[in-house]
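An overview of the molecular structure
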Amino acid sequence: MSLPAAVPLGEFATLFNFLPIGAYRSSPDGQMIRSNQALVELNGYASEAEHLAAVKDIAREWYVDPLRRDAFKQRLEHEGFVRGFVSEIWRHKTRERIWISENAHIVRDGQGAVLYYEGTVEDVTERVRNQEALRRSEEQLRQITAQVPGMVFVVHVAPDGRREYRFVSSGVRDIYGFDPEDLMRDPMLIARYRHPDDQAVLEQDMEQIRQGPVDLGGEFRIVMPDGQIRWIYRRSCTVSSDASGFLRVGVLLDITGRKQAEAALHESEALWKLAMDSTGDGVWDWNIATGEEFFSCRIQTMFGFDEGELANLAEALDSRTHPDDVAQMLTDRQAHFDGHTPVYRNEHRVRCKDGSWKWVLSRGMVIARNAAGQPLRMVGTHTDITELKQAEAQQHVLEAQLRESQKMEAIGTLAGGVAHDFNNLLAAILGNLALAREDVGPDHLAQESLQEISRAAIQARQLVQQILTFSRRQTQAMRQQPLTPLVQETLGLLRSLLPAGARLDTLLSKAPLVVNSDATQVQQVLINLCSNAWQAFEGRTGVISVALEAARLDATQALQLGNLPAGAYACLSVTDNGPGMTAETQRRLFEPFFTTKPPGAGTGLGLAVVHGIVKAHRGAIAVHSQPGEGTRFDVYLPLAGEAEALQPAPEAVPAPGPNVSEADGRHVVYIDDYEAMVFLVGRLLRKQGFRVTTFESGEAALAWLRTHDDPIDLVVTDQNMPGLSGVEVVREIGRLRPGQRVAIVSGHVNDQLLAEAAAAGVSDVLGKQDSMDALGEAIRQLLEAR
């Protein structure tokens, strides 16, 4: 459709613009010289002038792949013309991607020099997409049929019997030894392989096809070029028909091996199905019309039946399907029957002969339908996926444990923060209470009320200590020590606390089982678990068993216990034969303030504290319980290295008694962001004879130090403050007053704080004191130790 080179465009201007497809002139360097209206509109423009003005470089602006322009030019220069050059381009203005086919030639002058290119452009997007869809469809069909044993075919049969094969799978090579293309070129090639005694079958089949749509099935023999005889199983059906004939699809299977074994097996198609059974899956073949279903030996043994014990009816297995799974199984089956899914696939449970349940993955496909499209026959397999389902359930349990662990960590963080602030409030209450009692004198009528206030505040402080233990913020005295004697010592204490009717049995390892632990907290774990056990008896008789042994956890066990490292552990178990617990109670067991006791009978912190202590010891706790079967708690603590020597506990050095007179004249600077504590400590220290300067922030204290040169005996600063922390204040004081003695007070003394304080030159790091008297005594001891 190219324009002749020798004819000026002016003589064909009307035809040029009238063409229903695009036409153009372009320069070899990619400039658009002329374009007709069809090409203008194809590129999204209204006029040729607008189009020509917009296009600067055809290669970069038009072709999706700019290299196509180079290929286009090379073909033009080599052959002088281009026909059917298909490329993907951009509609120049809208940037929509479409496919085009170009025809073009070179226009030269009298000396042979290239003047321009002339050509046509046709939108072939729909054709290209249809071709691609057809290619994909054919490729999918080839891939699917390549997995099917035997030859799958699509053939058109004319009314006079002439055949035209539209599709032949690669399985034809396995049966006949020739390629699919050979049969598609010569449709009678297969007929020439027929055994002479089976020619009548071919003629009978053709007669039935000519009479109308029909499903055909049966067996026949073929004779190979080397004289070998093969048995072929054939099944085909009509999928459409019109005046030109019938379109049929079918499959040919080489059943020679099955026929040879038929005498021994006495069962039609047995060898083929036995071969499929050997893959480990059970095979079923369902005659949907009659309800009969063949179950392979593998299926029967899968569910615990002997061969022949399971009736060959679809209802035999359907009736054993778990009631919760029936609806989805029927839905998936119907979706395949209706053609919505290419393959039937469903996971469901089947009740075995012994009453147990097995998970199976059932897959199948309808291989025969009647003229109305209703399914007639379906074949498939059952795969035992019970172990896979159990593994998935275990994974869900581990995920739930991880979520629970993260929740407990979050609760612990929140509880620790609240307890820390509440502790400061209680310190102020108790401190001011002590000062108030001194102020009013021992004989004042208010003393009795003040004593009750003091008792309630002390109980509240003990509750705070439990919360801090749960959140793992309480200061720990961790050291390597044998666990066995520690447990024995605690059990001696517990025996004197047992209520009437409760018996304590023990089974302890003779090995010392050295662990890195805080002795007091480990004792608290055992006491809390045992008291929780006897409280579960609710006045009835019962037995509490305490066991201690070494245990080695593999990676799987360690992961199930809470992502512990695998290795050697000491396992401390507390078991009772009480009423047990439900799964819901176990799920919330370690939540702070959760209790099953009546109001006023417990705080709900006992097991939360146990959980916090065990986590702080880098261990784990597991609970095993069923209603009516008692409860067992297993506490795992990592064993210390065998080569590490036991570290003796440091002996406490008694501090010298207080000497009030020595406080006279001593200057103490106290820094704390809590206003009530600043007021209280200042008042207390002044009463004890100290000269005190107090500040409510590190910044205020540093500003005062920069403008005053008063001698200071000791600076005491809180660690956790808004703005500058205690360590940061110490560093700045070191620059302002080298050698100045400083102590840091914190409610959470840990290795990191000790290291940071030491790096800043501080050797005195104190935990928050239980009372103002204790704080005053601690400050006095620091001054006297100088």
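The structure under discussion appears in the preceding block.
All of the points below concern the structure found in this document. These numbers were taken from a predicted model, which means no experiment stands behind them. (Residues numbered from 1 in each chain as written. Predicted model: local features only at pLDDT ≥ 70, side-chain atom pairs only at ≥ 80, totals over all residues. Heavy atoms only, no water.)

1. Details of the packing of helix 23 (residues 698-707) against helix 24 (residues 726-736)
Two measures define how a pair of helices packs: the angle their axes make with one another and the distance between the axes. As a reminder of what qualifies: Axes here mean lines fitted to C-alpha atoms, for a helix over just the part in contact, with angles spanning 0 to 180 degrees between N-to-C directions. Comment: elements are numbered from the N terminus, with helices defined as DSSP H or I runs of at least four residues and strands as E runs of at least two. Our angle categories are set so that under 35 degrees counts as roughly parallel, over 145 as roughly antiparallel, 65 to 115 as roughly perpendicular, and the remainder as oblique. Pairs of residues are marked as contacts when any of their non-hydrogen atoms sit within 4.5 Å. Put simply, Ala, Val, Leu, Ile, Met, Phe, Trp, Tyr, Cys and Pro go in the nonpolar bin, Asp, Glu, Lys and Arg in the charged bin, and everything else, Gly too, in the polar bin.
Interaxial distance between helix 23 and helix 24 falls to 10 Å at its minimum, and their mutual angle equals 5°. As the angle between them shows, helix 23 and helix 24 are arranged roughly parallel. Seen from helix 23, the contacting residues are Gly-698, Leu-702, Leu-705 and Arg-706; seen from helix 24, they are Val-729, Glu-732, Ile-733 and Leu-736. The residue makeup of the contact of helix 23 with helix 24, split by class, is five nonpolar, one polar and two charged.

2. Points about the packing of aromatic side chains
Keep this limit in mind: For Phe, Tyr and Trp, where Trp contributes only its six-membered ring, two rings pair if their centres lie within 6.5 Å, and the inter-plane angle classes them as stacked under 30 degrees, edge-to-face over 60, or tilted in between. In this scheme, a residue with accessible area under 20% of its type's maximum is buried, one over 50% is exposed, and one in between is partly exposed, where area comes from a 1.4 Å probe on protein chains only. By definition here, charges over rings are those cases where NZ of Lys or CZ of Arg is within 6 Å of the ring centre and within 35 degrees of the ring normal.
Evaluated as defined, the whole model comprises nine aromatic pairs. Between Phe-153 and Tyr-165, the ring centres sit 6.2 Å apart and the planes meet at 75°, which makes this aromatic pair edge-to-face. Taken together, the residues span a long stretch of sequence, with Phe-153 in strand 6 (residues 151-157) and Tyr-165 in strand 7 (residues 163-168) at a distance of twelve residues. By relative accessible area, Phe-153 is classed as buried at 8%. Aromatic pair Tyr-176 and Tyr-193: ring centres 5.3 Å apart, planes at 85°, arrangement edge-to-face. Highlighted residues: Tyr-176 in helix 7 (residues 172-176) and Tyr-193 in the loop between helix 8 (180-185) and helix 9 (199-211), separated in sequence by 17 residues. Three or more aromatic residues link up through ring pairs in this structure, and these residues are Phe-72, Phe-85 and Tyr-117. Sitting above the plane of the Phe-220 ring, Arg-194 keeps its charged end 4.1 Å from the centroid.

3. Considerations on helix 5 (residues 67-79)
Every α-helical turn comprises 3.6 residues, leaving residues that sit three or four positions apart pointing alike. To keep things clear, this is the line we draw: Working rule for helices: expected span equals 1.5 Å times residues minus one. In this context, the arc is that of the directions from the helix axis out to the C-beta atoms.
With 13 residues, helix 5 should reach 18 Å at 1.5 Å per residue; the first-to-last C-alpha distance of 18 Å fits that figure. For helix 5, the full list of buried residues reads Arg-69, Phe-72 and Leu-76. With its buried residues spanning 60° around the axis, helix 5 presents them on a single face. Across from the buried face of helix 5, at angles greater than 90 degrees, the exposed residues are Leu-67, Gln-74, Glu-77 and His-78. On its buried side, helix 5 packs onto strand 1 (22-26), helix 4 (58-61), strand 3 (81-90), strand 4 (97-108) and strand 5 (114-123). Directly beyond the C-terminal end of helix 5, a positive phi value near 85° is found at Gly-80.

4. Some thoughts on unusual backbone geometry
Although it is not a glycine, Leu-513 sits at a positive phi angle of roughly 55°. On the secondary structure map, Leu-513 appears in the loop between strand 17 (502-508) and strand 18 (514-517). A residue is classified by how much of its surface remains accessible, and Leu-513, at 7% relative accessible area, is buried. Of note in this structure, Arg-618 is not a glycine but carries a positive phi near 60°. Tracing the sequence through the fold places Arg-618 in the loop between helix 21 (606-616) and strand 21 (620-625).

5. Focus: the pairing of strand 26 (residues 742-746)
Put simply, the rule reads: At least two DSSP bridges between two strands are needed for those strands to be called paired. Every crossover in which the path from the first strand over the helix to the second runs clockwise, viewed with the strands pointing away from the viewer, is termed right-handed.
Counted residue by residue, strand 26 has five buried out of five residues, so it is predominantly covered. Of the two faces of strand 26, the one lined by Val-742, Ile-744 and Ser-746 and the one lined by Ala-743 and Val-745 are each fully buried. Bridge count for strand 25 (residues 714-718) against strand 26 is four bridges, and the pairing is parallel. Within strand 26, the residue paired with Val-716 across the bridge is Ala-743. Regarding topology, helix 24 serves as the crossover connection from strand 25 to the parallel strand 26, and that connection is right-handed.

The quantities given are spatial measurements derived from coordinates; they are silent on function.
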